[in-house]
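Structural characterization, general
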Amino acid sequence: MPSSKSPKDFFRPLAVGAPTPPTEIPARPSRAIHFFDPSNEKMAAKIPQMVGSVDVLLGNLEDAVKADNKEAAREGLVTIASETDGLGGPDAKTQLWTRVNSLDSPWALDDLTRLVPAIGHKLDVIMVPKVQGAEDIHYVDRLLAQLEAKAGLDRPILVHAILETARGVANVEEICGASPRMQGLSLGPADLAADRRMKTTRVGGGHPGYLVRQDPVAEQPDAHRAIFQQDLWHYTIARMVDACATHGIYPYYGPFGDIADVVACEDQFRNAFLLGCVGTWSLHPKQIAIANKVFSPSVEDITHARRVVAAMGDGTGAVMLDGKMEDDASLKQCLVMVELAEQLAAIDPELKKQYDAISIDSEAN
Ligand SMILES: CC(=O)SCCNC(=O)CCNC(=O)[C@H](O)C(C)(C)COP(=O)(O)OP(=O)(O)OC[C@H]1O[C@@H](n2cnc3c(N)ncnc32)[C@H](O)[C@@H]1OP(=O)(O)O
Ligand SMILES: CC(=O)C(=O)O
Ligand SMILES: [Mg+2]
């Protein structure tokens, strides 16, 4: 929270007649944020049939949309949002997000002033790219309040920042706390790599040159030395997770550009899930199933978590389960998993069936 504002001011609307800012950001399932270009007719035609099978559909207006198609993408998104049932709004199974153009581009202002009056009642989250600091969020926050008031909206649109500049990473905590509208952060590995002058040419994922090599074996100079590829994004994701958790908002991985490499994609997503991310981006329809699988706790994990919950009784003290010590802190980890499973089961009948079929032996040993 900026020090110049009192806590009470922080939750006052920034324009007369704008909806009250949220005090909590709802934990809506958002395992896959599926990107589509609304100006691409083939992609746009697929969107209605994807509603219900993906947690978030995001109409992308920024990078990957050709400059000549910016207006067509914006108008295409208005059409899709207006004509597609079950997409966007507080009760929809599939949320509707958009990624607007960067704030210094010729299109960002028109993106916001066109979309909020036209489809603001359906838009759940606006993703803002290349956020550098709290000042970018303050600008969007005030403008959205003015537009919401003018449009008579009764629900604030949430804001999501992409972390894709070195300055953005340096300011990650203040970005997360810049507005009560802040919903979350995504990693932007491609722009971030360029901005940092990293010597990579990929969109997310690892790099074979970024490694640690096993020490040489004594007196065997020719012996094989194993190499261990390291994760280029570990530092940034860990910072995002801490900043988001501090502010009660949600961290996401971002794009994995090697669409053909579904194995490495799954690995990268799983690392993010284990570190605390709640979801990721999907650039191609085949990445949706990978994201849904990785960001849903496994039946094995939920079975174990429920056993710990049962064994821990009132939640205090220490017990032994399968030879391992469980106590208040391991219980808290298990409750994170169990709560996530309940949220996902509420919207995913197949997962619900799997989680409901779990039967537990609650005996501690
Ligand atoms: C660094 C960043 O900013 S990342 C975020 C910005 N980038 C994006 O949003 C990229 C989004 N995705 C895409 O543009 C495309 O998926 C590409 C360019 C990666 C691949 O596209 P294609 O070569 O057409 O893939 P492919 O041939 O496998 O597509 C199969 C079908 O799925 C459709 N399709 C591909 N991607 C998508 C999508 N994201 N959403 C919906 N449908 C899609 C194609 O139109 C094609 O339809 P068809 O069967 O009717 O012909
Ligand atoms: C996600 C994104 O925009 C980037 O990697 O640059
Ligand atoms: Mg980018």
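What counts and what doesn't
Residues numbered from 1 in each chain as written. Chains lettered and ligands numbered in written order. Predicted model: local features only at pLDDT ≥ 70, side-chain atom pairs only at ≥ 80, totals over all residues. Heavy atoms only, no water. Donors = N, O, S within 2.8 Å, 3.2 Å for Na, K, Ca; no water. Helix = DSSP H or I, 4+ residues; strand = E, 2+ residues; numbered from the N terminus. Buried < 20%, exposed > 50% of the residue type's maximum accessible area, 1.4 Å probe, protein only. UniProt positions renumbered as here; feature names shortened; annotations may be inferred. Contact = heavy atoms within 4.5 Å. Polar contact = N/O pair within 3.5 Å; in protein donor to acceptor, adjacent residues only side chain to side chain. Pairing = 2+ DSSP bridges. Axes fitted to C-alpha atoms, helices over the stretch in contact; angles between N-to-C directions. Core = buried A, V, L, I, M, F, W, Y, C linked by side-chain atoms within 4.5 Å. Near = heavy atom within 4 Å. Areas by Shrake-Rupley, 256 points an atom, 1.4 Å probe, with all protein chains shown as cover. Nonpolar A, V, L, I, M, F, W, Y, C, P; charged D, E, K, R; others polar.

Focus: the coordination of the magnesium ion (ligand 3)
For the magnesium ion (ligand 3), the full set of protein donor atoms is Glu 164 (OE) and Asp 191 (OD), and the range of their distances to it is 2.0 to 2.1 Å. Taken together, the residues Glu 164 in the loop between strand S5 (158–163) and helix H6 (166–170) and Asp 191 in helix H8 (residues 189–196) connect sequence positions 27 residues apart. For Glu 164, a relative accessible area of 3% corresponds to the buried category.

Considering the UniProt feature "binding site: Mg(2+)" (unreviewed entry) in the protein
The sites that carry the UniProt feature "binding site: Mg(2+)" (unreviewed entry) are, in the present numbering, Glu 164 and Asp 191. Considering the C-alpha atoms alone, the annotated residues occupy 28 residues of sequence yet fold into one spot, their largest mutual distance being 5.3 Å. Leave out the neighbours within four places in its chain, and Glu 164 touches Pro 129, Lys 130, Gly 188, Asp 191, Leu 192 and Asp 195. A polar atom in the side chain of Glu 164 sits 2.8 Å from the backbone nitrogen of Lys 130.

Section: the side chain of Ser 30
As for its position among the elements, Ser 30 is in the loop between helix H1 (7–10) and strand S1 (32–36). For Ser 30, a relative accessible area of 3% translates into the label buried. In terms of polar contacts, Ser 30 uses its side chain to reach the side chain of Tyr 252, at 2.6 Å. Those residues in contact with Ser 30 that sit more than four places away from it in its chain are Asp 55, Val 56, Gln 95, Tyr 252, Val 278, Gly 279 and Thr 280.

Some thoughts on the sheet that holds S1
Sheet strands pair by backbone hydrogen bonding; their relative direction is either parallel or antiparallel. The strand order S9-S6-S5-S4-S3-S2-S1-S10 describes an open sheet built from eight strands, whose pairing is parallel. Edge positions in the sheet fall to strand S9 (250–252) and strand S10 (280–282), since each of these pairs with one other strand and no more. On average, each strand axis in the sheet is tilted by 25° relative to the strand beside it, whichever way the strands run. Docked against the sheet, helix H3 (residues 70–83) engages S1, strand S2 (56–60) and strand S3 (95–99), running at close to 175° with respect to S3.

Some remarks on the nonpolar core
Of all hydrophobic cores here, the largest spans 80 residues; its most connected members are Ile 33, Ile 126, Leu 185 and Phe 269. Here this core gets six residues from one element, more than from any other, and that element is helix H5 (residues 134–151). When sequence neighbours within four positions are dropped, the list of residues in contact with Ile 126 reads Thr 98, Val 100, Leu 112, Val 116, Leu 144, Ile 157, Leu 158, Val 159 and His 160. In this structure, Ala 305, Val 308, Met 312 and Val 338 belong to the second largest nonpolar core, which totals eight residues.

Details of the site of ligand 2
Around ligand 2 lies a shell formed by Arg 99, Glu 164, Leu 187, Gly 188, Pro 189, Ala 190, Asp 191, Pro 255 and Trp 281. Separating an oxygen atom of ligand 2 from a backbone N or O atom of Pro 189 is a distance of 3.0 Å. Residue Asp 191 places a main-chain N or O atom 2.8 Å away from an oxygen atom belonging to ligand 2. Taking 220 Å² as the accessible area of ligand 2 by itself, protein coverage stands at 93%. Of the residues forming the shell around ligand 2, the biggest block, three residues, is contributed by H8. In terms of residue class, the shell around ligand 2 is made up of five nonpolar, one polar and three charged.

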